[in-house]
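# Reading the structure
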Amino acid sequence: MNNEIKLPSYLEQSDAVRSRFDRINQREIILEVRNLCKHFASKHSNVEALRNINFKIHRREFVCVIGPSGCGKSTLVRTLAGLEGHSSGEVLLDDKPVQGPGQDRGMVFQGYSLFPWLTVKRNVMFGPEMNGHARDEAERDALLWLDLVGLGKFANAYPHQLSGGMRQRVAIARALVNQPRILLMDEPFGALDAMTRAKMQTHLLDIWRNIDITVLFITHDLDEAIYLADRILVLKAHPGEVQEIIEVPVPRTRGPVSLTSPEFLATKARLEKLIHPDEAQESEEDEVVKPHMIRFTNVTDNVD
Ligand code: ADP
Ligand code: MG
């Protein structure tokens, strides 16, 4: 008896999903990356981190970038943020070249980047105040965004009094308060436990649905990418190059049941194939320490 379930192709889209992509493609382009290359050159080495990256993101689109560790995801997001220069190519935000950091891009990183000596509210007010907004205006905006991320009641708490998930919500409020055109997120939920992470993903989708924001979200978690994204940009390692851009066929609104839908599983199978093309080709170096070579027990029966 064959128990295997036949998955549809990840390229198959329902009418609803296809018409959603038609609508997305009609929207204006917020971010365009053309032939982007990035080398890290020093006296002793020259690392090619990104090679010939091309993609476009439409307004209110949710794009995930996925790829193995070291493939250049953080370099890409730092370059888009203007924190890092690029070697050649172009990054255009609203058709204008990115030449440095700017308020039109909000950033959320994995590590908690809140100021520990400021209250939650003051953390969110910090950007607007630095940009010359009056204190009462900054305070009003901060409270508005804290409400949106569900932390209105914690405005006067300090970061150390919050859980990891809550701190990342403050980081999101702090990025959104400047009303950026695009939110750049570099593995923002990577340090959270699995349950908090799942809640934060759903919470982020709720926020995204309710405001005019475009998201570029970096992750190395396949499930997270499929759950969140309209499209997934798959990078391959050394140098980071675009392997494929996948239109996720999983319908919205997404929820826990999406994770077991045939479209989800088909997309995951495709990502597995792209990211781990042939497990058998692991280099010999990876095999140096074989678990069976180390034994810390004299008990002879085998737990396997
Ligand atoms: P990822 O975020 O996908 O794990 P990174 O963007 O951090 O990857 O790194 C991509 C490559 O660029 C790696 O080989 C890394 O060692 C190299 N790299 C990153 N930052 C620097 C730097 N400042 N100087 C030299 N090499 C760097
Ligand atoms: Mg990284």
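### Some words on unusual backbone geometry
Residue His 238 is joined to Pro 239 through a cis peptide bond whose omega torsion reads -15 degrees. Within the secondary structure layout, Pro 239 lies in the loop between β9 (231-236) and β10 (241-247). Here the amide bond leading from Arg 252 into Thr 253 is cis, since omega sits at 5 degrees, within 30 degrees of zero. Following the sequence through the fold, Thr 253 ends up in the loop between β10 and α8 (262-275). Even without being a glycine, Asn 35 presents a positive backbone phi close to 45 degrees. In this fold, Asn 35 is placed in strand β1 (residues 29-41). C-beta crowding within 10 Å serves as the criterion here: with 12 such atoms nearby, Asn 35 is assigned to the exposed category. Its identity as a non-glycine residue notwithstanding, Asp 95 has a phi of 70 degrees, on the positive side. Locating Asp 95 in the fold gives a position in the loop between β4 (88-93) and β5 (96-97).

### Remarks on helix α5 (residues 164-176)
With 13 residues, α5 should reach 18 Å at 1.5 Å per residue; the first-to-last C-alpha distance of 19 Å fits that figure. With respect to burial, α5 is a largely interior element, 10 of its 13 residues being buried. Inspection of α5 places Arg 167, Gln 168, Arg 169, Val 170, Ala 171, Ile 172, Ala 173, Arg 174, Ala 175 and Leu 176 among the buried residues, and these make up the whole buried set.

### A short note on the site of ligand 1
The local shell around ligand 1 consists of Phe 40, Val 47, Ala 49, Gly 67, Ser 69, Gly 70, Cys 71, Gly 72, Lys 73, Ser 74 and Thr 75. At the level of elements, β2 (46-58) and α2 (73-81) are the ones that each hand at least two residues to the shell around ligand 1. At 3 residues, α2 tops the list of elements feeding residues into the shell around ligand 1. Per-class residue counts for the shell around ligand 1 are 4 nonpolar, 6 polar and 1 charged.

### Observations regarding the sheet that holds β10
Taking strand neighbours across the sheet as the criterion, the 6 strands line up as β6-β7-β8-β3-β9-β10 in an open arrangement whose pairing is mixed. Strand pairing shows two members of the sheet lacking a second neighbour, β6 (105-108) and β10, which therefore form its edges. Recorded for the sheet is a direction-independent mean angle of 20 degrees between the axes of neighbouring strands. Of the strand pairs in this sheet, strand β3 (residues 62-66) and strand β8 (residues 214-219) are connected by 5 bridges, and their pairing is parallel. Directly across from Val 65, in β8, lies its bridge partner Ile 218. Running over the sheet, α2 touches β3, β6, β7 (182-186), β8 and β9 and is turned about 150 degrees from β7.

### Side note on the nonpolar core
Core analysis: the largest hydrophobic core is formed by 66 residues, its most contacted members being Ala 173 and Leu 216. With 6 residues, α5 is the single largest residue contributor to this core. For this core, the two domains that each supply at least three residues are domain 1 (14-104 + 184-193 + 213-279) and domain 2 (110-179). In contact with Leu 216, not counting residues within four places along its chain, are Ile 57, Val 63, Val 65, Val 77, Leu 80, Ile 182 and Leu 184.

### Topic: the pairing of β3
Here β3 lies mainly inside the structure; 5 of its 5 residues are buried. Of the two faces of β3, the one carrying Phe 62, Cys 64 and Ile 66 and the one carrying Val 63 and Val 65 are both buried. Sheet analysis places β3 next to β9, joined by 4 bridges and oriented parallel. What sits directly across from Cys 64, in β9, is Ile 232.

### Considerations on the packing of α5 against helix α6 (residues 194-210)
The geometry of α5 relative to α6 is characterised by a closest axis approach of 10 Å and an angle of 25 degrees between their N-to-C directions. Our classification of the angle between α5 and α6 gives roughly parallel. Regarding α5 and α6, the two cross each other, and that crossing is right-handed. Mapping the contact onto sequence places Gly 164, Gly 165, Gln 168 and Ile 172 in α5 and Thr 196, Lys 199, Met 200 and Ile 207 in α6. Here the residues of the contact of α5 with α6 are counted per class, giving 3 nonpolar, 4 polar and 1 charged.

### Brief notes about the domain arrangement of the protein chain
Assigned domains within the protein chain: domain 1 (14-104 + 184-193 + 213-279) and domain 2 (110-179). With centres defined by C-alpha atoms, the gap from domain 1 to domain 2 works out at 26 Å. With 9 residues of domain 1 at the interface, the matching set in domain 2 holds 7 residues. Broken down by class, the residue content of the side of domain 1 that touches domain 2 amounts to 5 nonpolar, 2 polar and 2 charged.

Cut-offs used in this document
Residues numbered from 1 in each chain as written. Chains lettered and ligands numbered in written order. Predicted model: local features only at pLDDT ≥ 70, side-chain atom pairs only at ≥ 80, totals over all residues. Helix = DSSP H or I, 4+ residues; strand = E, 2+ residues; numbered from the N terminus. Buried ≥ 20, exposed ≤ 12 C-beta atoms within 10 Å, placed from the backbone. Expected span 1.5 Å × (residues − 1). Near = placed C-beta within 6 Å. Nonpolar A, V, L, I, M, F, W, Y, C, P; charged D, E, K, R; others polar. Pairing = 2+ DSSP bridges. Axes fitted to C-alpha atoms, helices over the stretch in contact; angles between N-to-C directions. Contact = placed C-beta atoms within 7 Å. Core = buried A, V, L, I, M, F, W, Y, C linked by C-beta atoms within 7 Å. Domains from an automatic or database assignment. Parallel < 35°, antiparallel > 145°, perpendicular 65-115°, else oblique. Left-handed = near helix turned anticlockwise from the far one by under 90°.

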